[in-house]
Amino acid sequence: MSDEPQPQQGPGWAPREPQAADAPQGTAGGKRRRTGWRRLIPTWRMVLSTFIIGTLLLVGAFFLGYHLVKIPPANALATKQANVYLYADGSVIARDGEVNRENVTLDRVSKAARHAVLAAEDRDFYTQSAIDPKAMVRAAWNTATGKGKQSGSTITQQYVKNYYLRQEQTVTRKVKEFFIAIKLDREQSKDQILEGYLNTSYFGRNAYGIQAAAQAYYGVDAKDLDAGRAAYLAALVNAPSQYDVIAHPENRKAAESRWNYVLDGMVEKGWLSESERAGMEFPVPKETTVSTGMSGQRGYIVRTVKDHLVKNRIVGEDELDRGGYRITTTLQKDKQDAFVDAVNDKLMDRLDKKNRKVDTYVRAGGASVDPKTGKVVAMYNGIDYVKQYTPNATRRDYQVGSIFKPIVFTSAVENKSNTQDGRLITPNTVYDGTNKRPVQGWSGHYAPENEDHVSYGDITVREATDKSVNSVYAQMAVDVGSDKVMQTAVDLGLPPKTPSLTPSPSIALGVATASVLDMAEVYATLANHGKHGTYTMIEKVTKDGRETVELPKRQTRQAVSRQAADTTTAVLRGVVQNGTATAALDAGRPAAGKTGTAEEDKAAWFAGYTPDLATVVAVMGQDPETGAQKKLYGAMGLPRVNGGGVPAEIWAQYTREALEGKPVKDFDLDLMPGADRTQPPPGDGDASTVPDEPGGEEEDPSATPGGQETGSRPPGDEQGQNQGQGEGQTEGQTDGGTGPPDGGATDGGTTDGNTATGGTTGDPTGGTGDGGGDGTAGQGGLTGALTGGRRQ
């Protein structure tokens with residue numbers, strides 16, 4: 001210890017702690033304070049904490065959104081579909097409904113079409129999740145940098161937008177789309193999502209879904225799309241209006257570029273070979289495909305088929321309004337086209353609406369039925385559904401006229417009816433055809449006029465059928481019993497509630513107002529040897545491309561005996577061969593039929609059939625403004641319109657074209673006993689049989705004829721026909737040739753044709769026929785028309 005004295009400290013002194021050598025000045029506790037711009041940079045602790053908190057918030061928001069956003073019901077537009085109406089061969093007739101869409105299952109879309117859409121919109125669809133973040137970022141970047149507005153949505157997201165949401169571009173919609181897509185991807189298979197996408201995408205031309213698009217652009221079904229056409233449709237999804245090269249030819253270069261992009265993608269994914277790709281040319285779509293509108297015959301067909309579905313309780317009206325039905329009809333396109341052509345050629349092209357007001361009244365209706373199946377194979381309803389709304393094939397407001405008379409005769413044979421004096425009614429039974437002859441055996445007074453007031457005297461049923469003698473058939477209706485006649489009409493196919501179908505002598509004159517289709521069903525039953533099955537125009541119905549709707553089973557029964565039907569056919573063959581319907585011979589086939597004209601020439605009819613086809617044609621008069629029925633005197637420049645004229649001509653052309661290429665069949669008829677034998681008039685002794693022709697052989701009346709009818713005219717007919725044409729045919733012009741007859745037919749009496757001077761063999765009057773103007777029968781007449789059925 002030093003002896004030197006130490007320096008003394010002043011009062012209040014205390015020793016200091018030594019400072020750290022590296023501690024900067026200006027910090028507290030040895031820490032340097034951040035100054036200036038450095039204060040703006042977050043520390044790593046701040047970054048880490050923010051990332052953790054942000055991640056937790058995002059995860060929380062995801063789970064919250066996932067649980068809050070539910071998969072909603074489909075939007076209204078996505079569920080709307082059209083009903084599709086098809087011909088029997090599968091070609092499209094029309095589509096109806098607010099939205100042109102037909103949903104199809106994935107197996108009804110060609111693989112080429114599926115691959116094309118994937119190549120265009122989402123090439124990794126089957127391997128990636130519902131959301132593609134990279135695509136979303138890439139699309140956002142391209143849009144932001146001016147490379148064009150692009151979508152980063154997967155097919156799943158696009159399907160969600162189409163099916164569940166609306167099309168507006170909002171953040172809310174995008175958020176919902178995001179979560180619904182994730183959920184949907186967990187709940188549905190990739191195939192289900194792709195199927196939904198294909199059915200909801202819009203392709204332009206008002207076509208929603210791949211099936212409607214295939215029809216709209218190429219007129220084919222989605223299952224028939226090849227790679228080239230499929231690639232074009234896939235390209236359309238990106239810009240439907242811009243890439244329609246028909247509507248916008250200036251954009252063809254852009255459309256082809258997109259088409260090439262799709263095909264290149266298919267090659268890249270191995271869905272298309274390079275060799276196939278190299279040989280492809282751009283498949284320009286059709287400018288016009290099958291119209292889906294209601295113009296022409298389409299609207300009539302749709303309306304008639306709808307009525308049939310509802311009436312027969314196949315599909316309800318409300319269900320049809322919701323759409324989604326694919327309805328295959330029994331209509332055959334070639335026959336439908338042939339019917340339209342026949343009406344145009346024989347009727348519409350002959351009208352002069354500018355110079356003849358009556359020509360503006362002309363309407364036409366027709367229906368054709370396969371006798372064996374009851375299927376309606378063709379209909380004609382009017383010139384255009386958007387111009388003439390009422391379907392003329394199904395309307396029930398025009399008298400059917402004399403085409404009803406064969407029903408009376410059929411009923412007579414079926415019921416084995418006798419005349420008032422006890423003679424069996426056969427084709428050769430003699431009646432009194434005097435004009436205004438009072439009907440016998442009826443409680444009231446009824447004395448119908450024959451057309452042009454012609455009295456025929458004693459006349460056979462065959463001849464009375466040819467000339468549509470009202471006095472004969474009114475009496476026959478009473479002989480049979482008008483209630484039985486009515487029942488036979490219903491049995492053959494007329495609806496029981498047909499207007500004016502009531503028991504009275506006038507029933508024979510065709511005062512009932514059945515439809516063309518109703519009468520086609522009746523004549524189809526006669527053609528089918530008396531076996532009746534309700535007609536049908538529906539082949540198949542499916543719902544949403546999956547469910548098949550059950551159709552009622554067709555019930556068939558023997559409505560009348562074969563002999564009753566076949567004997568009527570034999571009589572009606574005479575009408576075609578030698579009577580008022582010789583124009584029907586132009587069909588070039590054995591045919592049977594009956595002409596008819598309604599009261600005051602407001603409608604003219606021809607109902608006829610071959611062994612293969614039963615067809616009824618009517619020409620009607622209607623005021624286009626008021627809808628009132630109008631007389632057709634002077635239409636087409638003719639004094640009168642009659643069943644043996646235009647209706648029979650339409651029938652002949654249609655039948656010839658409809659059966660073209662099919663073997664010619666003859667009638668195989670089983671006639672009633674005594675059908676080929678004449679009877680003496682009342683009061684000439686007993687009704688023993690006499691030969692049908694001078695020098696002819698008598699035949700056993702108990703025999704059952706079953707020979708093949710030849711379809712040719714009997715010997716001597718040519719002479720009679722020529723005479724008829726020279727002396728009295730001119731289709732109903734025997735009333736002086738200047739205008740309509742006075743009075744017309746009574747009780748809706750029919751007007752069925754001028755018979756040539758000399759009439760038919762056995763006609764004692766030689767009258768000029770009933771001036772309804774449905775053809776001509778010359779000398780030689782009907783003799784042999786029935787016995788011809790016995791010749792081999």
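See above for the structure.
Now for a description of the structure that goes with this document.

Rules used throughout
Residues numbered from 1 in each chain as written. Predicted model: local features only at pLDDT ≥ 70, side-chain atom pairs only at ≥ 80, totals over all residues. Heavy atoms only, no water. Pairing = 2+ DSSP bridges. Helix = DSSP H or I, 4+ residues; strand = E, 2+ residues; numbered from the N terminus. Axes fitted to C-alpha atoms, helices over the stretch in contact; angles between N-to-C directions. Contact = heavy atoms within 4.5 Å. Buried < 20%, exposed > 50% of the residue type's maximum accessible area, 1.4 Å probe, protein only. Phe/Tyr/Trp six-rings, centres within 6.5 Å; stacked < 30°, edge-to-face > 60°. 1 Å grid on protein atoms, 1.4 Å probe; cavity = no way out; pocket = protein on both sides within 12 Å on 5 of 7 lines; lining within 4 Å. Points joined across faces, edges and corners; volume = space filled by probe spheres on them. Parallel < 35°, antiparallel > 145°, perpendicular 65-115°, else oblique. Left-handed = near helix turned anticlockwise from the far one by under 90°. Nonpolar A, V, L, I, M, F, W, Y, C, P; charged D, E, K, R; others polar. Patch = residues over 30% accessible without salt bridge, like charges linked within 9 Å, V, L, I, M, F, W, Y side chains within 5 Å. Areas by Shrake-Rupley, 256 points an atom, 1.4 Å probe, with all protein chains shown as cover. Salt bridge = Lys/Arg side-chain N within 4 Å of Asp/Glu carboxyl O. Lys, Arg positive; Asp, Glu negative; His and termini not counted. Charge placed at Lys NZ, Arg CZ, Asp CG, Glu CD.

## A word on the sheet that holds strand β15 (residues 603–609)
An order of β7-β6-β16-β15-β14 is seen for the five strands of this open sheet, with the pairing classed as antiparallel. Of all the strands in the sheet, just β7 (376–380) and β14 (592–597) have a single pairing partner and so form its edges. If you compare each strand with its neighbour and ignore which way they point, the axes differ by 5° on average. Bridging between strand β6 (residues 362–369) and β7 involves four bridges; their strand directions are antiparallel. Its bridge partner lying in β7, A367 is registered against M379. Packing of helix α14 (residues 333–346) onto the sheet brings it into contact with β6, β7 and β16 (614–621), and relative to β7 it is tilted by some 30°. Here helix α19 (residues 516–527) sits on the sheet and contacts β6, β7, β14, β15 and β16; the angle it forms with β16, its principal contact strand, is near 150°.

## Brief notes about unusual backbone geometry
The phi dihedral of E600 falls on the positive side, at around 60°, and the residue is not glycine. Mapping E600 onto the fold places it in the loop between β14 and β15. Taking relative accessible area as the criterion, E600 reaches 26% and is therefore assigned partly exposed. The phi angle at M636 is positive, at roughly 60°, despite the residue not being glycine. Within the secondary structure, M636 is located in the loop between β16 and α21 (646–658).

## Some words on the sheet that holds strand β2 (residues 92–96)
Overall, mixed pairing links the five strands, which are arranged β2-β1-β5-β11-β12 in an open sheet. Taken across any chain shown, the strands that pair with only one partner, and hence form the sheet edges, are β2 and β12 (547–548). For strand β11 (residues 538–543) and β12, the ladder comprises two bridges, and the chain directions are antiparallel. Paired with T542 across the bridge in β12 is T548.

## Observations regarding the packing of aromatic side chains
For the structure shown, the criterion picks out 12 aromatic pairs. Taken together, a centroid distance of 5.3 Å and an interplanar angle of 85° make the contact between Y300 and Y385 edge-to-face. Pair noted here: Y300 is in helix α12 (residues 298–311) and Y385 is in the loop between β7 and α15 (405–414), with a separation of 85 residues, a long-range link. Here the two residues Y300 and Y385 agree in accessibility, since each one is buried. A centroid spacing of 4.4 Å and a plane angle of 20° characterise the contact between F339 and Y654, whose relative ring orientation is stacked. One end of the pair, F339, is in helix α14; the other, Y654, is in helix α21, and 315 residues separate them in sequence. Both residues of the pair, F339 and Y654, count as buried. Three or more aromatic residues link up through ring pairs in this structure, and these residues are Y217, Y218, Y232, W259 and F282.

## Digging into the layout of surface pockets
In this structure, the second largest pocket occupies an estimated 950 Å³ of space. Looking at the second largest pocket, it is lined by 35 residues, and the ones nearest its centre are H308, K311, N312, T534 and Y535. Breaking the lining of the second largest pocket down by element, the ones donating at least two residues are α12, α19 and β11. Broken down by element, the residue count for the lining of the second largest pocket peaks at five residues, all from α12.

## A few points about the packing of α15 against helix α17 (residues 470–480)
When two helices pack together, their arrangement is given by the angle between the helix axes and by the axis-to-axis distance. Packing of α15 against α17 brings their axes to within 10 Å, and their N-to-C directions diverge by 40°. One element, α15, and the other, α17, form an angle in the oblique class. In this structure, the crossing between α15 and α17 has a hand that is left-handed. Residues K405, V408, F409, S411 and A412 of α15 lie in contact with α17, whose contacting residues are N470, Y473, M476, A477 and V480. Of the residues belonging to the contact of α15 with α17, the class tally is seven nonpolar, two polar and one charged.

## Regarding a negative patch on the surface
Taken together, the side chains of D341, D345, D349, E657 and E660 define an acidic patch exposed on the protein surface. Take E660: it is sitting in the loop between α21 and α22 (717–727). By relative accessible area, E660 is classed as exposed at 64%.

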